[in-house]
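The residues making up each chain are set out below.
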Amino acid sequence: MKEFEQLCKEFEQLDIMSYSAYLTEKSLNVLPALQAIAEDGIDGASIFFSFIIGAIVADGKLASEEYLLISPLLKTFFGQTVSYEECKKVLKSYKKESKELKNVVNQMVDILGLLSDELKNDIVIICLMICAIDGKVSLKEKKWIKQLIA
C-alpha cells in the first residue's frame, strides 16, 4: 500500500465518477472473497456491510456524500433502497453502542486476517474511500482505518 497520508490525500481529491468506478471495481473483487469465508449463517454481503458501516460511522457523522456513494451499493447488495434517514438511524445506534462498535472492529480485523494481502488492501481502500468522499479523512477516520491495517 502507498504511504497512508499520501493515499488519504489522493482519495480526498477524487471526483465522484472516479470514486464510483474505483469503488465498484474493488467491491466486485471483495464481495466474492468475503462470501467464500462466510460462515455461521452470515453471508459475504453482511460482512461487507459491516466494513461499509464501520467506515461511515468512524467519524461519528453521516455526510450526504457518503450516503450518495454507498446508496447504490446497498441497493445492489441487499435488493432494496436504504434511505438517508435509515442510514442515519443505524449510525445513531452504532454511536450509542460504542462497545459494540469496538467489537465490530475486532471482528473486522479477524476477518482481514483470513484474506490475502491484496484483498485486505482492497477492503482497507474501500473503507478509506468512503471516509474520504466528503473531501477530508478526519483524525478519527484515520485512527479507525489504522486499526484495520494493524
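Everything discussed here concerns the structure shown above.
Structural notes, computed from the coordinates. What you see is a predicted model, and the numbers here were worked out from it, not measured in a lab.

What counts, and at which threshold
Residues numbered from 1 in each chain as written. Predicted model: local features only at pLDDT ≥ 70, side-chain atom pairs only at ≥ 80, totals over all residues. Heavy atoms only, no water. Helix = DSSP H or I, 4+ residues; strand = E, 2+ residues; numbered from the N terminus. Buried < 20%, exposed > 50% of the residue type's maximum accessible area, 1.4 Å probe, protein only. Lys, Arg positive; Asp, Glu negative; His and termini not counted. Salt bridge = Lys/Arg side-chain N within 4 Å of Asp/Glu carboxyl O. Contact = heavy atoms within 4.5 Å. Polar contact = N/O pair within 3.5 Å; in protein donor to acceptor, adjacent residues only side chain to side chain. Core = buried A, V, L, I, M, F, W, Y, C linked by side-chain atoms within 4.5 Å. Axes fitted to C-alpha atoms, helices over the stretch in contact; angles between N-to-C directions. Parallel < 35°, antiparallel > 145°, perpendicular 65-115°, else oblique. Left-handed = near helix turned anticlockwise from the far one by under 90°. Nonpolar A, V, L, I, M, F, W, Y, C, P; charged D, E, K, R; others polar.

Here's the deal with the side chain of glutamate 12
Inference 1: Mapped onto the elements of the fold, glutamate 12 is located in helix α1 (residues 4-12).
Inference 2: Salt bridges are absent for the buried glutamate 12, whose nearest opposite-charge side chain, lysine 136, sits at 4.3 Å.
Inference 3: Excluding residues within four positions of it along the chain, glutamate 12 makes contact with Tyr19, Ala132, Gly135, Lys136 and Val137.

Considerations on the side chain of serine 27
Inference 1: The topology assignment puts serine 27 in helix α2 (residues 16-37).
Inference 2: Residue serine 27 is classed as buried on the basis of its relative accessible area of 3%.
Inference 3: Within the structure, the side chain of serine 27 is placed 2.7 Å from the backbone oxygen of leucine 23, a separation counted as a polar contact.

Description of the nonpolar core
Soluble globular proteins tend to pack their nonpolar side chains together in the buried interior.
Inference 1: If you look at the biggest cluster of nonpolar residues, it comprises 45 residues, and the most contacted ones within it are Phe51 and Trp144.
Inference 2: When contributions to this core are tallied by element, the ones reaching two or more residues are α1, α2, α3 (44-57), α6 (98-113), α7 (117-132) and α8 (139-149).
Inference 3: Top element by residues in this core is α7. It accounts for 11 residues.
Inference 4: Contacts of tryptophan 144, omitting those with residues within four sequence positions, involve Phe51, Gly54, Ala55, Ala58, Val105, Met108 and Cys127.

Section: the pattern of salt bridges
Inference 1: Inspection of the entire model under this criterion finds two salt bridges.
Inference 2: A salt bridge links lysine 142 to glutamate 5, with the shortest nitrogen-to-oxygen separation between them at 2.9 Å. With lysine 142 in helix α8 and glutamate 5 in helix α1, this residue pair connects regions lying 137 residues apart in the sequence.
Inference 3: For lysine 142, a relative accessible area of 14% gives the class buried.

Brief notes about the packing of α2 against α7
Each pair of packed helices gets described by two things: the angle between the helix axes and the distance between those axes.
Inference 1: One can describe the packing of α2 onto α7 by two numbers: an axis separation of 9 Å at closest approach and a directional angle of 140 degrees. Taken together, the axes of α2 and α7 lie oblique to each other. Once α2 is placed against α7, the crossing between them reads as left-handed. Taken together, the residues of α7 that come into contact with α2 (itself represented by Tyr19, Tyr22, Leu23, Lys26, Ser27, Asn29, Val30, Ala33 and Leu34) are Leu119, Asp122, Ile123, Ile125, Ile126, Met129 and Ala132.
Inference 2: Split into classes, the residues belonging to the contact of α2 with α7 amount to 12 nonpolar, two polar and two charged.

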